[in-house]
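Now for the letters of each chain:
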Amino acid sequence: MKLAQLTAYLESLAPLAYQEEYDNSGLIVGHPDAEVHQALISLDCTEAVVDEAIATGCQVIVSHHPIVFKGLKKFNGKTYVERVVEKAIRHNIAIYAIHTNLDNIMTGVNARICETLGLQNSRILAPKHQLLKKLVTYVPVAQAEEVRSALFAAGAGNIGNYSEVSFNAEGFGTFKGNEHTNPFVGEPGKRHREHEIRIESIYPANLESKIIMALVLAHPYEEVAYDLYALTNQHQQVGSGMIGELENPKNADSFLAFVKEKMNASVIRHTAFTGKPIKKVAVCGGSGGFLLKQAIAAGADIFITADYKYHEFFDTEGKIVIADVGHFESEQFTQQLLYEIIQNKFVNFAVRLTKVNTNPVKYYI
Ligand SMILES: [Zn+2]
């Protein structure tokens, strides 16, 4: 299939608009119209992973971390980033990254950690703002249902577990077309009064052009009147970190033993126990230290993440336990997640998990 089919599907689940500002998710190397038959999944796209793609006949590497974060100014093989990009281009191998956009969805990296730890009622810890908008349009009564359905089909009207959400009010609209018009109802040059429905529906901002196109196609008028509103609502299903509850509270000691085993961690660096049993658990794959305040505010007893620095461990103020399980360890389920996402959708497309352990951190125990 075309590479674009694969990337379009991944981006329908984890839109690029959901990535953090510093990120560089998306197609980093390769052409969207390239033919691909087999993908290699990895957490990091190292030289060894590109070699593996060459050896196993993969045309695309889907990795969690983008190999390129900042602008590359030279390609003389001096850094591993330059060498990876150069080798991939030379061997016609595409590199695609699905990073913080995969972290930030309800079925992404953090959801896998929650599942692994058996957490219940998992939800986003820090939902994002500025991702939702509202469309208001005015449609003749007889065509309202068709327009409503077209908007829903294009992705409008989803709130939590509810779909096809809209508000509808009846009223009348007026218009007068000039001599160049051919109005659906009424006559040019005469003010027309039409019984209309005002349809309002919420939608994800990244689907705006698709939704407007669906509106214009379904709406009977020559000129479609519509308003787009920016909303300051949180998007409950998109954001950083997750929080959930253990079915049965555990004491901190036995919970850490459980986490160590489940996360295949050689070691867990943690702060002093608070003395409270562990019931609410916040998680964030990778460097999640920026979420500590939200984890405390949400009432988490422990925050499982990675990349904690010495001074940041002081920030608990005795209110929560920080447990640093290691960056690679916290994200290790992401490879399997990507494998399943791609394989379940494209059953005839070959997907392979890297055999390279790309974790740059070694533990001397
Ligand atoms: Zn990471």
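First, a word on what this report is: a plain description of the structure on this page. Nothing here was measured: the structure is a model prediction, and the numbers come from that model. (Residues numbered from 1 in each chain as written. Predicted model: local features only at pLDDT ≥ 70, side-chain atom pairs only at ≥ 80, totals over all residues. Heavy atoms only, no water.)

We now examine the overall build of the protein. For the protein, the count of helices and strands is 11 helices and 15 strands. Considered along the principal axes of its C-alpha atoms, the protein spans approximately 85 × 55 × 40 Å. Counted over contacts in the protein with a minimum sequence separation of 6, partners at least 24 positions apart contribute 73%. Split by element, the accessible area of the protein, about 18,700 Å² in all, is 52% carbon and sulfur. (Helix = DSSP H or I, 4+ residues; strand = E, 2+ residues; numbered from the N terminus. Contact = heavy atoms within 4.5 Å. Areas by Shrake-Rupley, 256 points an atom, 1.4 Å probe, with all protein chains shown as cover.)

What follows is about the pairing of strand E12 (residues 278-287). Of all 10 residues that make up E12, seven are buried, and the element is covered over most of its length. Relative to E12, strand E10 (residues 235-250) is paired through five bridges, and the arrangement is antiparallel. Bridging from a neighbouring strand, lysine 250 pairs with isoleucine 278 of E12. Inspection of the sheet shows E12 paired to strand E13 (residues 302-306) by four bridges, in the parallel sense. Note on E13: the bridge partner recorded for serine 287 is alanine 306. Chirality of the crossover, the property in question, places the unit of E12, helix H9 (residues 292-297) and E13 among those that are right-handed. (Buried < 20%, exposed > 50% of the residue type's maximum accessible area, 1.4 Å probe, protein only. Pairing = 2+ DSSP bridges. Right-handed = clockwise from strand over helix to strand, strands pointing away.)

For the rest of this paragraph, the subject is the coordination of the zinc ion. Bound to the zinc ion are the protein donor atoms His65 (NE2), His327 (NE2), Glu331 (OE) and Glu331 (OE), situated 2.0 to 2.3 Å from the metal. Classification of the site at the zinc ion rests on its four donor atoms, whose angles at the metal span 58 to 130°, yielding the label irregular. Motif for the zinc ion, donor spacing along one chain: H-x261-H-x3-E. Here histidine 65, found in the loop between strand E3 (60-63) and helix H3 (80-90), pairs with glutamate 331, found in helix H10 (residues 327-331); they are 266 residues apart in sequence, far enough to count as distant. Residues histidine 65 and glutamate 331 agree in their burial class; the two are buried. (Donors = N, O, S within 2.8 Å, 3.2 Å for Na, K, Ca; no water. Tetrahedral: all angles 85-135°; square planar, octahedral: opposite > 155°, others 65-115°.)

What is shown is where atoms sit, not what they do.
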